[in-house]
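Each chain, letter by letter, is given below.
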Amino acid sequence: MASSKKKIPRHVAVIMDGNGRWATSKGLSRSEGHRAGADAIDRLMDSSLELGLEVVSLYAFSTENWKRPITEIRSIFNLLVEFIDSRLDKIHAKGIRILHSGSRKKLSSLVLSKIDHAAEITRKNRKLTVNFCLNYGSQEEILSAFSRLTEERKKKSISIQKPISTKELEKYLYTYPLPAVDLLIRTAGERRLSNFLLWQSAYAELFFTENLWPDFGDKDLREALDWFTRRTRKFGGLENG
């Protein structure tokens, strides 16, 4: 278990990588790998509740994932709908709040209605926030935030030439007002951010594990948190001030 409660990260982000490789290694279809990945999300939510985490953001579907075969994309979204339908009551009963970060463009009306319903039903829950980053791309998010900010300035007759502060821009990010990411975990041995929460992870600690996402469990999360507690976070300053 993480040894220092006060050093437990407020916001943990997870790049859930390896569903396809897990399935291939077992002679299963990629859709079965994604189903096993959904079971791993269940375990992560339970462990996060037990450990007292505040926010967990999950890279569920990136803007680049539209390049995948249409059959796999349909399987992923069908699984998402099934996940919400079959688990929402239990999620709500556990005090978990569901959020969505990402573009609503290209998502079907069914998927949007399910996400919105889950968010509405759980909006008052405060034990844990699970943020599904669906149809999400960080570069697109930042460009969208800047566009919305400048449009808002025009409406309020605020000069575009006025310097933009980080706090001002952050208000237009998909994730606002969630706290910055403290710990980012990526499974399956890859060591890149893949356009995930780039702004929010500016000072995040990065933890990489060889384990494929469907095999990720409570022990793995605790290992990541233990590693995090041993990190010295200076945020650009000096360790001793």
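What counts, and where the lines are drawn
Residues numbered from 1 in each chain as written. Predicted model: local features only at pLDDT ≥ 70, side-chain atom pairs only at ≥ 80, totals over all residues. Heavy atoms only, no water. 1 Å grid on protein atoms, 1.4 Å probe; cavity = no way out; pocket = protein on both sides within 12 Å on 5 of 7 lines; lining within 4 Å. Points joined across faces, edges and corners; volume = space filled by probe spheres on them. Helix = DSSP H or I, 4+ residues; strand = E, 2+ residues; numbered from the N terminus. Nonpolar A, V, L, I, M, F, W, Y, C, P; charged D, E, K, R; others polar. UniProt positions renumbered as here; feature names shortened; annotations may be inferred. Buried < 20%, exposed > 50% of the residue type's maximum accessible area, 1.4 Å probe, protein only. Contact = heavy atoms within 4.5 Å.

1. Some thoughts on the layout of surface pockets
Space inside the largest pocket adds up to approximately 730 Å³. What lines the largest pocket is a set of 30 residues, among which Met16, Asn19, Tyr59, Ala60 and Asn65 lie closest to the centre. Tallying contributions element by element places helix α2 (residues 30–51) first for the lining of the largest pocket, with 5 residues. Taken together, the residues of the lining of the largest pocket break down into 14 nonpolar, 8 polar and 8 charged. In terms of lining, the second largest pocket is formed by 17 residues, of which the most central are Glu170, Leu178, Pro179, Ala180 and Gln200. For the lining of the second largest pocket, a count of residues per class yields 11 nonpolar, 2 polar and 4 charged.

2. A word on unusual backbone geometry
At the junction of Tyr176 and Pro177, the peptide bond is cis and its omega measures out at 5° in the coordinates. Looking at the secondary structure, you find Pro177 in the loop between α6 (166–170) and β5 (183–186). Backbone geometry at Asn135 places phi at a positive 55°, although glycine is not the residue there. Mapping Asn135 onto the fold places it in strand β4 (residues 128–136). A positive phi angle, close to 45°, is found at Leu197, a residue other than glycine.

3. Some points on empty space enclosed by the protein
For the structure shown, the criterion picks out 1 cavity of 30 Å³ or more. Here the largest cavity defines a volume of roughly 110 Å³. Considering the residues around the largest cavity, the lining is formed by Leu80, Phe83, Ile84, Leu88, Ile91, Ile98, Leu99, His100, Ile115, Ala118, Phe132 and Leu134. Elements that contribute at least two residues to the lining of the largest cavity include exactly α3 (70–93), β3 (96–101), α4 (109–121) and β4. The element that contributes the greatest number of residues to the lining of the largest cavity is α3, accounting for 5 residues.

4. Brief notes about the UniProt feature "active site" (unreviewed entry) in the protein
Mapped onto this numbering, the UniProt entry gives "active site" (unreviewed entry) at Asp17 and Asn65. Across 49 residues of sequence, these annotated residues stay compact in space, with a maximum C-alpha separation of 12.4 Å. Considered against the largest pocket, the annotated residues that line it turn out to be Asp17 and Asn65. Residue position: Asp17 is located in the loop between β1 (11–15) and α1 (19–25). Since its relative accessible area comes to 17%, Asp17 is described here as buried. Apart from residues lying up to four places away in sequence, Asp17 is in contact with Arg186, Thr187, Ala188, Glu190, Leu212 and Trp213. Residue placement: Asn65 occurs in the loop between β2 (55–62) and α3. On the basis of relative accessibility, which here comes to 16%, the residue Asn65 falls in the buried class.

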